[in-house]
Amino acid sequence: MKDNFLIKVPGLKPDEQKRFIFANLKDNISRLKLAGFAFLLIEVTMFVWLLLKGIINPDEPADSTLLYLYAGIIMFISFYLLVLIYVGKKARIRNMTTMRMFIMAGLMIVLIWGVFLVLFEHSGGFLPSAYILIMMSIGIIPYLSFWEIAITMIPSQLLITIYILADHSFAETLSEGILFDSWSFCIFAIIISSLFYSMRISGFKKDIALMEQNDLLKQHSEVDALTGIFNRRKLDEELENEWQRSSRSQKPLSFLLIDLDHFKSFNDTYGHVEGDLCLKKAAAIMNETLKRSTDVVFRYGGEEFAAILPFTSLDAACLVAEKLRKNIENAGIVHKHTAMGYLTVSVGVASAVGDHSASPEKLCLEADKALYAAKKSGRNKVICYDD
């Protein structure tokens, strides 16, 4: 059975619709548990009151059928609550349709019980009122779609209608009153429930829109506007995360610091527009060089870039750095101020196993020392930091 059975939420993507249905289900379970405990308390009180009434006044003993009705609903609500408590702990998206059907079936049984209560003592005004109160509670407490609330309500209404029309023991005015009141409140409960459900959908859509805006703002705050790769702020965050992960796994974390050789001279010779294009091309080449999804390149600042290589030894990181250096060189971006006549890079590489008592700044400093050594020894080189 489909996850969105009996529910259509226009304007939401399939995964958002699933999230809405699941969030709604969890809220319904919580709300119905509270309502169920209150209802159980009322029915137990009524059951005890009927028993005490028969004991206090032996001439008017409690009707056994009425006692059976109350005992039956007490046992059912107790079972229903136990299942809701268990389901609330085990709620999963994959079985939410089954849970929704269980909730609807339980509410339907409570309504049918209310019908039997009305039919059993239709001469009193209290019991028909109790049935109407049950209907209104079901219309207000859980968040149900139009089709869910309609399917939940209609069977009990059809039962009471067919029984009253077929049973001539009802006085005509009484039967008309019960039918009119019950159908009126049934329709009213369906309308109220549908309105609450629509308001809930609107609220969820606003939350989705707000989350998307926040995600967009976060993305903009983490991405370098010029090159389209992650910026220094994101680098600091990811480096800390990967350092902690390396500490837990005791696997090496490698860090690359990359500098475009003589880039100031490039800007002075070709202009800042060409300089910006050069930065974009270099960033794209670095992105393409790092094949693993866990390997990420960042703009460190100005003409400097950085890369994080999780679960990578120093030797392996040096091979990646050398491949990156060659790819930049082979791109053939003209730069007359370098020895090759093309854009080149110098790369410093460092690697370490994370340590909770230390900071990842140590890794950055080691990579920076290696980069300095690469630039001092003639540039267009990869130097790996080694104690």
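In case you missed it, the structure is sitting above this.
Computed from a predicted model, the values in this text were never measured in an experiment.

K.L.:
Before we move on, could you go through the pattern of salt bridges and cite the residues and values that matter?
P.N.:
Enumeration according to the criterion identifies 14 salt bridges in this entry. A salt bridge links Lys362 to Glu366; the shortest N-O distance between them is 3.2 Å. Linking Lys362 with Glu366, this pair stays in helix H11 (residues 361–376), spanning 4 residues, or about one helical turn.

K.L.:
Lay out the pairing of strand E1 (residues 252–260) with the relevant residues and their values.
P.N.:
Within E1, 8 of the 9 residues are buried, which leaves the element mostly enclosed by the surrounding structure. Inspection of the sheet shows E1 paired to strand E4 (residues 345–353) by 9 bridges, in the antiparallel sense. Along E4, the bridge assignment pairs Leu257 with Gly348. Bridging between E1 and strand E3 (residues 304–310) involves 7 bridges; their strand directions are antiparallel. Across the sheet, residue Asp259 finds its bridge partner in E3, namely Glu304.

K.L.:
Requested: an account of unusual backbone geometry, with residues and values cited.
P.N.:
Located in the positive-phi region is Gln250, a residue other than glycine, with phi close to 60°. Topologically, Gln250 is positioned in the loop between helix H7 (232–249) and E1. With a phi close to 50°, Phe311 is a non-glycine residue in the positive phi region. Mapping Phe311 onto the fold places it in the loop between E3 and helix H10 (314–330).

Calculation notes
- Residues numbered from 1 in each chain as written.
- Predicted model: local features only at pLDDT ≥ 70, side-chain atom pairs only at ≥ 80, totals over all residues.
- Heavy atoms only, no water.
- Salt bridge = Lys/Arg side-chain N within 4 Å of Asp/Glu carboxyl O.
- Helix = DSSP H or I, 4+ residues; strand = E, 2+ residues; numbered from the N terminus.
- Buried < 20%, exposed > 50% of the residue type's maximum accessible area, 1.4 Å probe, protein only.
- Pairing = 2+ DSSP bridges.

Just geometry here; none of it tells us what the structure is for.
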